[in-house]
Amino acid sequence: MQRALLSGLLSGLFSAGLAAAWLGGVALQMQQRALWPGVEYKWLCLVALALLGLLWVRLPVPLAWRRCGLLLALCMLAFGSTGWRAEARLAQRLSPQLEGRDLVLTGVVAQLPVQGEQGVRFEFEVEQALHAGQPVNVPPRVVLGWARGFDGEALLSGPELELRAGQRWKLTVRLRQPHGLFNPHGFDLELWLFERGLGASGSVRATAGAELVLLASEVAHPVERWRQSIRDAIALHVQDPALAGVLAALAVGDQAAIERAEWDLFRATGVAHLMSISGLHITMFAWLAAALIGRLWRFSPRALLAVPAPQAARIGGVLAAAAYALLAGWGVPAQRTVWMLATVALLRSRGSRWPPVLVLLAAAVVVTAIDPWALLQPGFWLSFAAVGLLQAADHAAAPSAPGGWWSRAGQILKAGLRTQLIASAGLAPLSLVFFHQISLIGFVANLVAIPVVTLLITPLTLLGTLLPPLWALAALVTKGLTLLLATLAQVPWAVWAVPAAPAWGVACGLLGGALLVLPLPRHLRAAGAALLLPLFAPHVPRPAAGQAEVVVVDIGQGTAVLVRTREHLLVYDSGPRSSPQSHAGSRVLLPLLQARGERRIDLLMLSHRDSDHTGGAAALLARGSVRALSSSLEPGHPLLATGVPHTRCDAGQAWAWDGVHFELLHPRADEHRTGAKPNTLSCVLRIQPSAGPSVLLTGDLEAAQELGLVNSLGAALRSEVLLVPHHGSKTSSTPEFLAAVAPHTALVQAAYRSRYGHPAPEVMARYAGRGVTVQRSDACGAWVQWGTQAAQCERERRRRYWHH
């Protein structure tokens, strides 16, 4: 008996090892900074397959060697196949020679278009591409924007005809290679595009002679057309756009339909996973569908004779998940969730008595074989964790006891509470790892939201496709739920936000979370609680006294710089604003500040009024953590009406924080006059640590003001690091100014392929002629200088082969 148990344990461990070898090979390949240049991946796959073949014929080698060979072969096969597929996907990216050219694309709108104030964004399947009348090769699938007036190259009124999924269009566009902002702990847009096979992004053009022709309607993608018709019908029957957006997200997975204010509320109360058809949502939906089908199946003796209830429940759950994922657009996250659930159901249906951990490992192998880069997505880990936690809840649930309906209702309520408690505790560490926050009221909010959304709002929304009046009832229930959530969100400390933890803290926290939810002895659970501390309250390193950390943020076409001393934080400018709902404050700065553990801004300095410098300021001020504001803004500017103490920036102002000296060099008090050009009033700040390089921040200073500084200060301008004035415009960086500053490093904050031509080639030539090292944010990402250490480019530090 003991020998059989030991044999089973060893067999299970080896099976887990095989899965771990595959997953390890996939994960290892994704650490490559660049792909191998030749046919190495193909040869590696062939060698791995040959080794597997030799081991299959059972060569006379010891069992231990055979098992080691299997592990090695699987790891090699995973590494080689992932690299091979990555090569093929990168080969489909847009050629650099075609960037910025007018191309005429013929193709089909491939997915539900995303509507916004700026215009519409959509994925386009390319059937033909022409440049100057000649065929050219472009990626088979691209993402396009058709803007309304923000982009001078776009059609000012937006599409004359409504853009719909399945339409065939001929469009004049300009494309660029996949490129996104690159900041510490920031969203990796380039990975997102790579995983979805989108080889370029671009915009529709409307210049003279441009082709913008609808060739045919309803030629492809019937599911996408159906989804759009449902979304449009919901908008027609529900007058409140916010409520209509929530119903559209629940019905067809259109997450972009939910307004930002609603998203903020759902995240603060921990119910965001319920308000969109995500991988976690599909998992929960499949689990509930399986439970319902299994219960109903038991009422039919004939059905039980044909198919056992557990098997019917598993099959029904997978089919329900697949149908729901199809309705949600069959995106990559939905696909991998369905493959995961199908693998789990198949193993269970075959009667494989595998432990839950082995079942999940097998599902992970299947998912990563189909989509290797799923390993890098939060949805992958949240979906698997949700399945594991639900299995743990089912395993730990007490068997039903006989009794009346009141007793059974109590048992169901108790089981639901236990399941929610396990899910909340188990997913909290992952939420902190990926999103750096958890909702402390999420447990209470989910106790209400899960049954309301799952049993009322979602069924009413889906049934509304057959009986549209039900959408009004679903909207009414949604409104009541949002009012309740808004009340809960007012609770002090409703959200627990933490800085990003180091790798060792993440490992400890995840292990601690697992120990807490597993059925283990109390002393091990207590150890799990202790292991959570590095994740729930991570140590945040700060510069030593007399030193500063300077982060020049990758902000696009704009300026934003963080200057951190031991006890103080200064934010210089706040990046651009592209629309009232889209600005650098919410997209870049607030997530970055949260991940860095910055709970207050001691001074927010806005160099001048241009929107590419003040675009995110309202979001920072609304956060309530700004202690003081300094700017050259004119009296009466809306940003000055927030109640934050304001000081006009004037030359001569100086202060010291923690051994670091700050001094304003421009503008002079007499230069603040009505009608002055905003650039001429740029606040110029010089930062001089006791130890470490001096830094000169210049805003959009122009040539005349540069000359004035040279004449008045001369060699006192000398700084080792210079933020290039006006993003490298021709109007700035005069030879006299560069000679006076004499920088070693010059930093340019400008968008990739800036439509303003920043930085100007002749300006860059001046810096090169003086031997100055130039770092551009579009090539460097965020530039980080910590004390006396060598500066780092975030794009170089975290480079992987899918990055531009």
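Residues numbered from 1 in each chain as written. Predicted model: local features only at pLDDT ≥ 70, side-chain atom pairs only at ≥ 80, totals over all residues. Heavy atoms only, no water.

1. Considering the overall build of the chain
Line of reasoning, step 1. The number of helices and strands found in the chain is 27 helices and 27 strands.
Line of reasoning, step 2. Relative to the 2.2 N^0.38 estimate, which gives 28 Å for 804 residues, the radius of gyration of the chain is 29 Å and therefore close to what a compact globule would have.
Line of reasoning, step 3. Oriented by its inertia axes, the alpha-carbon framework of the chain measures out at about 95 × 60 × 60 Å.
Line of reasoning, step 4. Buried positions account for 49% of the 804 residues belonging to the chain. (Helix = DSSP H or I, 4+ residues; strand = E, 2+ residues; numbered from the N terminus. Rg over C-alpha atoms; globule rule 2.2 N^0.38 Å. Buried < 20%, exposed > 50% of the residue type's maximum accessible area, 1.4 Å probe, protein only.)

2. Here's the deal with the pairing of strand E5 (residues 141–147)
Line of reasoning, step 1. Across the 7 residues that make up E5, a large majority, 6, are buried.
Line of reasoning, step 2. Pairing of strand E3 (residues 119–131) with E5, which is carried by 7 bridges, proceeds in the antiparallel orientation. Bridging from a neighbouring strand, Phe 122 pairs with Leu 144 of E5.
Line of reasoning, step 3. In the sheet, E5 pairs with strand E7 (residues 201–204) via 3 bridges, with the strands oriented parallel. (Pairing = 2+ DSSP bridges.)

3. Observations regarding the packing of helix H15 (residues 442–463) against helix H16 (residues 469–489)
Line of reasoning, step 1. Running from N to C, H15 and H16 cross one another at 165 degrees; their axes reach a closest spacing of 8 Å. Considering their axes alone, H15 and H16 lie roughly antiparallel with respect to each other. Between H15 and H16 lies a crossing whose hand is left-handed. Contact with H15, carried on its side by Ala 445, Val 448, Ala 449, Val 452, Val 453, Leu 456, Ile 457, Leu 460, Thr 461 and Leu 463, involves Leu 470, Trp 471, Leu 473, Ala 474, Val 477, Thr 478, Leu 481, Leu 484, Leu 485 and Leu 488 of H16 and no other residues of that element.
Line of reasoning, step 2. Among the residues making up the contact of H15 with H16, the classes are represented as 18 nonpolar, 2 polar and no charged. (Axes fitted to C-alpha atoms, helices over the stretch in contact; angles between N-to-C directions. Parallel < 35°, antiparallel > 145°, perpendicular 65-115°, else oblique. Left-handed = near helix turned anticlockwise from the far one by under 90°. Contact = heavy atoms within 4.5 Å. Nonpolar A, V, L, I, M, F, W, Y, C, P; charged D, E, K, R; others polar.)

4. Here's the deal with the pattern of salt bridges
Line of reasoning, step 1. What the rule picks out here adds up to 30 salt bridges.
Line of reasoning, step 2. One salt bridge connects Arg 797 with Glu 794, and the closest N-O pair in it is separated by 2.8 Å. Of the two residues, Arg 797 and Glu 794 both sit in helix H27 (residues 794–797), 3 residues apart, roughly one turn of that helix.
Line of reasoning, step 3. According to the relative accessible area criterion, Arg 797 is partly exposed, its value standing at 44%.
Line of reasoning, step 4. Note on Glu 794: relative accessible area 4%, which makes it buried.
Line of reasoning, step 5. Here the salt bridges share partners, and the residues they tie into one network are Arg 542, Glu 549, Arg 564, Arg 596 and Glu 598. (Salt bridge = Lys/Arg side-chain N within 4 Å of Asp/Glu carboxyl O.)

5. Digging into unusual backbone geometry
Line of reasoning, step 1. With an omega of 5 degrees, the peptide bond between His 666 and Pro 667 qualifies as cis.
Line of reasoning, step 2. In this fold, Pro 667 is placed in the loop between strand E20 (660–666) and strand E21 (684–689).
Line of reasoning, step 3. Of note, the amide linkage connecting His 758 to Pro 759 takes the cis form, showing an omega dihedral of -10 degrees.
Line of reasoning, step 4. Position of Pro 759 among the secondary structure elements: in the loop between strand E24 (745–748) and helix H25 (761–769).
Line of reasoning, step 5. The backbone phi angle of Ala 132 is positive, close to 55 degrees, even though this residue is not glycine.

6. Section: the state of the cysteines
Line of reasoning, step 1. Under the criterion given, the structure shown has 2 disulfides.
Line of reasoning, step 2. Paired through a disulfide, Cys 649 and Cys 683 show a sulfur-sulfur distance of 1.9 Å. Measuring the twist about the S-S bond at about -55 degrees, one finds the Cys 649-Cys 683 disulfide to be left-handed. Here Cys 649, found in the loop between strand E18 (646–648) and strand E19 (654–657), pairs with Cys 683, found in the loop between E20 and E21; they are 34 residues apart in sequence, far enough to count as distant. We note that Cys 649, like Cys 683, is buried.
Line of reasoning, step 3. Between the sulfur atoms of Cys 780 and its disulfide mate Cys 793 the distance is 2.1 Å. The disulfide joining Cys 780 to Cys 793 has a torsion of about -105 degrees about its S-S bond and is therefore left-handed. A residue pair is termed long-range when its members are at least 10 positions apart, and Cys 780 in helix H26 (residues 777–780) and Cys 793 in strand E27 (residues 792–793) qualify at 13 residues.
Line of reasoning, step 4. By relative accessible area, which is 3% here, Cys 780 ends up buried. (Disulfide = S-S within 2.5 Å.)

7. Brief notes about the packing of aromatic side chains
Line of reasoning, step 1. Counted by the stated rule, this structure contains 15 aromatic pairs.
Line of reasoning, step 2. Measuring from centroid to centroid gives 6.1 Å for Phe 194 and Tyr 801, while their planes differ by 75 degrees, and the two rings are edge-to-face. Here Tyr 801 lies in the segment after H27 and Phe 194 lies in helix H4 (residues 189–195), a separation of 607 residues in the sequence.
Line of reasoning, step 3. A centroid spacing of 5.0 Å and a plane angle of 85 degrees characterise the contact between Phe 380 and Trp 381, whose relative ring orientation is edge-to-face.
Line of reasoning, step 4. For Phe 380, a relative accessible area of 4% corresponds to the buried category.
Line of reasoning, step 5. Here the aromatic residues Phe 194, Trp 373, Tyr 801 and Trp 802 are joined through ring pairs into a cluster of three or more. (Phe/Tyr/Trp six-rings, centres within 6.5 Å; stacked < 30°, edge-to-face > 60°.)

8. Concerning the packing of helix H2 (residues 40–56) against helix H3 (residues 63–91)
Line of reasoning, step 1. Direction vectors running N to C along H2 and H3 enclose 150 degrees, while the axes themselves pass 8 Å from each other. Put simply, H2 runs roughly antiparallel to H3. In terms of crossing hand, the pair formed by H2 and H3 is left-handed. For the pair H2 and H3, contact is made by Tyr 41, Lys 42, Leu 44, Cys 45, Val 47, Ala 48, Leu 49, Leu 51, Leu 52 and Leu 55 and by Arg 66, Gly 69, Leu 70, Ala 73, Met 76, Leu 77, Phe 79, Gly 80, Ser 81, Gly 83, Trp 84 and Glu 87, respectively.
Line of reasoning, step 2. Here the contact of H2 with H3 is built from residues that sort into 15 nonpolar, 4 polar and 3 charged.

9. Structural notes on the side chain of Thr 698
Line of reasoning, step 1. By the element assignment, Thr 698 lies in the loop between strand E22 (695–697) and helix H23 (703–713).
Line of reasoning, step 2. By relative accessible area, Thr 698 is classed as buried at 0%.
Line of reasoning, step 3. One polar contact links the side chain of Thr 698 to the main-chain carbonyl oxygen of Leu 723, over a distance of 2.6 Å.
Line of reasoning, step 4. For Thr 698, the contacting residues outside a window of four places in its chain are Tyr 572, Ser 682, Cys 683, Val 684, Leu 722, Leu 723, Val 724, Pro 725 and Phe 737. (Polar contact = N/O pair within 3.5 Å; in protein donor to acceptor, adjacent residues only side chain to side chain.)

10. Remarks on the sheet that holds E22
Line of reasoning, step 1. With mixed pairing, the 7 strands of this open sheet are ordered in space as E19-E20-E21-E22-E23-E24-E25. Each end of this open sheet is capped by a strand with a single partner; those strands are E19 and strand E25 (773–776). Averaged over all pairs of adjacent strands, the angle between strand axes in this sheet comes to 20 degrees, irrespective of strand direction.
Line of reasoning, step 2. Judged from the 6 bridges that link them, E20 and E21 form a sheet pairing that is antiparallel. Bridge pairing in E21 places Val 660 opposite Pro 689.

11. Remarks on the sheet that holds strand E17 (residues 629–631)
Line of reasoning, step 1. In spatial order, the strands read E18-E17-E16-E13-E12-E11-E26-E27; together these 8 strands make up an open sheet with mixed pairing. Two strands lie at the open edges of the sheet, namely E18 and E27, each paired on one side alone.
Line of reasoning, step 2. Taken together, the 4 bridges between strand E11 (residues 549–552) and strand E26 (residues 783–786) define a ladder with antiparallel strand orientation. Note on E26: the bridge partner recorded for Val 551 is Val 784.

12. Notes on the environment of Gly 624
Line of reasoning, step 1. Position of Gly 624 relative to the elements: it lies in the loop between helix H22 (617–622) and E17.
Line of reasoning, step 2. Take Gly 624: its relative accessible area is 63%, and that puts it in the exposed class.

13. A few points about the nonpolar core
Line of reasoning, step 1. Counting residues in each nonpolar core, the largest one holds 44 residues, and the members touching the most others are Leu 341, Phe 384 and Tyr 801.
Line of reasoning, step 2. Looking at this core element by element, the count peaks at 7 residues for helix H11 (residues 332–349).
Line of reasoning, step 3. Contacts of Tyr 801, omitting those with residues within four sequence positions, involve Gln 29, Met 30, Gln 32, Arg 33, Ala 34, Leu 35, Thr 82, Ala 86, Leu 90, Phe 194 and Trp 373.
Line of reasoning, step 4. Counting residues in hydrophobic clusters, the runner-up holds 36 residues, among them Ile 234, Leu 243, Ile 441 and Ala 445. (Core = buried A, V, L, I, M, F, W, Y, C linked by side-chain atoms within 4.5 Å.)

14. Section: the pairing of E25
Line of reasoning, step 1. Here E24 pairs with E25 via 4 bridges, running parallel. In the sheet register, Leu 747 faces E25, and the bridge partner there is Gln 775.
Line of reasoning, step 2. With H25 bridging E24 and the parallel E25, this β-α-β connection has right-handed handedness. (Right-handed = clockwise from strand over helix to strand, strands pointing away.)

15. Quick look at a nonpolar patch on the surface
Line of reasoning, step 1. Taken together, Val 39, Trp 43 and Leu 46 make up a surface patch of nonpolar side chains, about 340 Å² in accessible area.
Line of reasoning, step 2. Mapping Trp 43 onto the fold places it in helix H2.
Line of reasoning, step 3. Of the residues examined, Trp 43 reaches a relative accessible area of 56% and is grouped as exposed. (Patch = residues over 30% accessible without salt bridge, like charges linked within 9 Å, V, L, I, M, F, W, Y side chains within 5 Å. Areas by Shrake-Rupley, 256 points an atom, 1.4 Å probe, with all protein chains shown as cover.)

The values reported here are purely geometric and, on their own, carry no functional implication.
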